[in-house]
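Architecture at a glance
Below are the chains, spelled out letter by letter.
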Amino acid sequence: MGLGAFHRSHLAWYTAHASDAAEWGIAAYTGRSAGLADDLTAQDGLYTLIVRSPAGDEAERIGSIVRAHPGTDIPSFVNDIAAPETAIVSLTITEAAYADEQASLDRTLLADSVGEALASVRPVTAIGRLVLGLEARRRADSGAIALVSCDNLPENGEVLRQAVRAVAAGVPGLVDWIDVHVSFVSSSVDRITPRLSDDEVAELAERYGDRAPVVTEPFSDWVIAGEFPAGRPQWEAAGVRFTDELEPWEARKLWLLNGAHTLLASLGRLRGNHTVSDAIADADCLRAVEAYWDEACRQLPPELGLREYRLALLDRFRNPRIRHLLAQIGLDADTKMRVRIVPVAERERSAGHSADACAKVVAAWLAIDGRGTDRSSVESTIADLSPVLGADTGFVEAVLASRRSVDDLTLR
């Protein structure tokens, strides 16, 4: 679920490079649109992955997608999940999709469909469509299945479990069946994959004869925790790490990579920068990132290779040929702040530290978002991100002070 560039640069790539790749194939579904599915169908599911480094491009044709469908093709989606041959459903649907405001409507829709044929049921959310597929699998008695979240959320497998159970609660017996037959796998995916402009897509299409090219960076990391009751590809042959303790790896990636991205998306744009590589070359942005990383690393186990990871991140951010737009990263910023910055700030304050660098991230976000500068407005906004931080007078004061310093750094 989620046939975007991010899925095609990691899970589809890892599946193509598994030692038993010939035994597996992906039936892929877009969010809703048909365009990408049509393009891939015209190419028999094949697409070109361009790994872009400062030294040049390396292109590879990826063949792990065997079918591509628009997300509106619900009958095919339901049939695929119900099929006993299907072992895994992966989700790359963005953080916001797990708390979709329309999920309660899907719960009512599914409850009303109890005892009816499922062919005419049309859930509107990704989770609703997934639950419909699970109900079809239960009716078909097709056995156990693994659901794998690949989205940037802490404990994303557990978040997915709660979202699925909430929507499934209206169907008698389905939650009990899910608890026995469905595993929820958490994973941390680390590979920068920028959205391409129309001009870039056109240029790459002409160069490679591909209507759906993907550009990504050389670095790639995927850490997984959970059970696969119906089997899985041998992803470890392609470099995947399996662990019983995902949380530290997950936090390293969310706080250091994604947290720095969130910082740059605000402060970098205030400074007049447009891409990550532009922003990290800005001395003021670099200082802010390093200070934030110092705070985040203080809350991470040292055995994660933090120094090496930070150095690698700087190289990745500085890659001038990965055009990662700050405006793209800045979308859904409040959701991202809650999972990337807030946990670091809360831990720093609990440990007796100032969390000034985290306060600067919040201040830059307030500034780029055009929020008010008076104390009550700032306090209310912080409380919306985190009631703990909103009630922390010292942190609110730090944000207010940082807001003034951020304004001084803003290029006008």
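The present account deals with the structure reproduced in this document.

What counts and what doesn't
- Residues numbered from 1 in each chain as written.
- Predicted model: local features only at pLDDT ≥ 70, side-chain atom pairs only at ≥ 80, totals over all residues.
- Heavy atoms only, no water.
- Helix = DSSP H or I, 4+ residues; strand = E, 2+ residues; numbered from the N terminus.
- Rg over C-alpha atoms; globule rule 2.2 N^0.38 Å.
- Buried < 20%, exposed > 50% of the residue type's maximum accessible area, 1.4 Å probe, protein only.
- Core = buried A, V, L, I, M, F, W, Y, C linked by side-chain atoms within 4.5 Å.
- Contact = heavy atoms within 4.5 Å.
- Pairing = 2+ DSSP bridges.
- Axes fitted to C-alpha atoms, helices over the stretch in contact; angles between N-to-C directions.
- Lys, Arg positive; Asp, Glu negative; His and termini not counted.
- Salt bridge = Lys/Arg side-chain N within 4 Å of Asp/Glu carboxyl O.
- Expected span 1.5 Å × (residues − 1).
- Parallel < 35°, antiparallel > 145°, perpendicular 65-115°, else oblique.
- Nonpolar A, V, L, I, M, F, W, Y, C, P; charged D, E, K, R; others polar.
- Patch = residues over 30% accessible without salt bridge, like charges linked within 9 Å, V, L, I, M, F, W, Y side chains within 5 Å.
- Areas by Shrake-Rupley, 256 points an atom, 1.4 Å probe, with all protein chains shown as cover.
- Charge placed at Lys NZ, Arg CZ, Asp CG, Glu CD.

A tally of regular secondary structure across the chain gives 20 helices and ten strands. Over its C-alpha trace the chain gives a radius of gyration of 22 Å, about what one expects of a compact globule, namely 22 Å for 412 residues. Expressed as lengths along the three principal axes of its C-alpha atoms, the size of the chain is roughly 60 × 50 × 40 Å. Every one of the 412 residues in the chain was classed for burial, and the buried ones make up 54%.

What follows concerns the nonpolar core. Generally speaking, a soluble globular protein has its nonpolar side chains buried in company with each other. In this structure, Leu256, Leu264, Tyr292, Trp293, Phe317, Phe395 and Val399 are the most contacted members of the largest nonpolar core, which totals 63 residues. No other element matches helix 10 (residues 247–270), which puts eleven residues into this core. Non-local contacts of Tyr292, meaning those with residues more than four positions away in its chain, are made with Trp255, Gly259, Ala260, Leu263, Arg340, Ile341, Val344, Ala357, Cys358 and Val361. If you look at the next biggest cluster of nonpolar residues, it comprises 38 residues, including Ile93, Tyr98, Ile127 and Val339.

Below, the discussion takes up the sheet that holds strand 8 (residues 214–216). Spatial strand order, 3-2-8: three strands in an open sheet with mixed pairing. For this open sheet the edge positions go to strand 3 (56–62) and strand 8, each flanked by a neighbour on one side alone. Taken over all neighbouring pairs, the strand axes of this sheet differ in orientation by 25° on average, direction set aside. Two strands pair when backbone bridges link them, and strand 2 (residues 47–53) and strand 8 are joined in this way by three bridges, in the parallel orientation. What sits directly across from Val51, in strand 8, is Thr216. Across the face of the sheet, helix 9 (residues 198–208) comes into contact with strand 2, strand 3 and strand 8 while running at roughly 110° to strand 2.

Turning our attention to the sheet that holds strand 10 (residues 241–242). Spatially, 5-6-7-9-10 is the arrangement adopted by the five strands of the open sheet, whose pairing is mixed. Bordering the open sheet on either side are strand 5 (88–91) and strand 10, each of which pairs with just one other strand. In terms of strand pairing, strand 9 (residues 221–225) meets strand 10 through two bridges, oriented parallel. Across the sheet, Ile224 pairs through a bridge with Phe242, a residue of strand 10. Packed on one face of the sheet, helix 6 (residues 126–140) meets strand 5, strand 6 (145–149) and strand 7 (182–190) and runs near 170° to strand 6.

Right, let's get into the side chain of Lys336. Looking at the element boundaries, Lys336 is found in helix 15 (residues 333–340). Here Lys336 sits buried without a salt bridge, and the closest side chain of opposite charge, Glu95, lies 5.7 Å off (N-O distance). When sequence neighbours within four positions are dropped, the list of residues in contact with Lys336 reads Glu95, Thr262, Gln328, Ile329, Leu331 and Ile341.

Okay, helix 17 (residues 356–368) next. For helix 17, spanning 13 residues, the distance from its first C-alpha to its last is 18 Å, which sits close to the expected 18 Å at 1.5 Å a residue. Counting buried positions over the 13 residues of helix 17 gives ten, a clear majority of the element. Of the residues making up helix 17, those classed as buried are Ala357, Cys358, Ala359, Val361, Val362, Ala363, Ala364, Trp365, Leu366 and Ala367. Buried residues along helix 17 sit against helix 10, helix 12 (283–298), helix 15, helix 16 (342–350), helix 18 (375–385) and helix 20 (393–409).

Before going further, it helps to spend a moment on the packing of helix 6 against helix 8 (residues 174–181). The interhelical angle for the contact between helix 6 and helix 8, taken along N-to-C directions, is 80°, at an axis separation of 11 Å. The orientation of helix 6 with respect to helix 8, classified from their angle, is roughly perpendicular. When helix 6 is examined against helix 8, the residues Val131, Leu134, Glu135, Arg137 and Arg138 are found in contact with a partner set consisting of Leu174, Trp177 and Ile178. A class-by-class count of the residues in the contact of helix 6 with helix 8 yields five nonpolar, no polar and three charged.

The subject of this paragraph is helix 4 (residues 74–82). Residues of helix 4 that are buried: Ile74, Phe77, Val78, Asp80, Ile81 and Ala82. For helix 4, the secondary structure elements touched by its buried residues are strand 1 (26–29), strand 4 (65–69), strand 5, helix 6 and strand 6.

Direction of pairing for strand 2 relative to strand 3: antiparallel, over a ladder of seven bridges. When the bridges of strand 3 are listed, Arg52 appears paired with Asp57. Between the end of strand 2 and the start of strand 3, which pair antiparallel, lie two residues.

A cluster of acidic residues, Glu155, Glu227, Asp244, Glu245 and Glu247, forms a negative patch on the protein surface. Of note, Asp244 is situated in the loop between strand 10 and helix 10.

Next up on the list: the pattern of salt bridges. Counted according to the given criterion, the structure contains 28 salt bridges. Residues Asp39 and Arg211 are paired through a salt bridge, measuring 2.7 Å at the closest nitrogen-oxygen approach. With a gap of 172 residues between them, Asp39 in helix 3 (residues 35–42) and Arg211 in the loop between helix 9 and strand 8 connect regions that are remote in the sequence. According to the relative accessible area criterion, Arg211 is partly exposed, its value standing at 47%. A salt bridge links Glu158 to Arg161; its shortest N-O distance comes to 3.0 Å. Of this pair, Glu158 and Arg161 both sit in helix 7 (residues 156–168), three residues apart, which is roughly one turn of that helix. On the basis of relative accessibility, which here comes to 31%, the residue Glu158 falls in the partly exposed class. We classify Arg161 as partly exposed; its relative accessible area is 28%.

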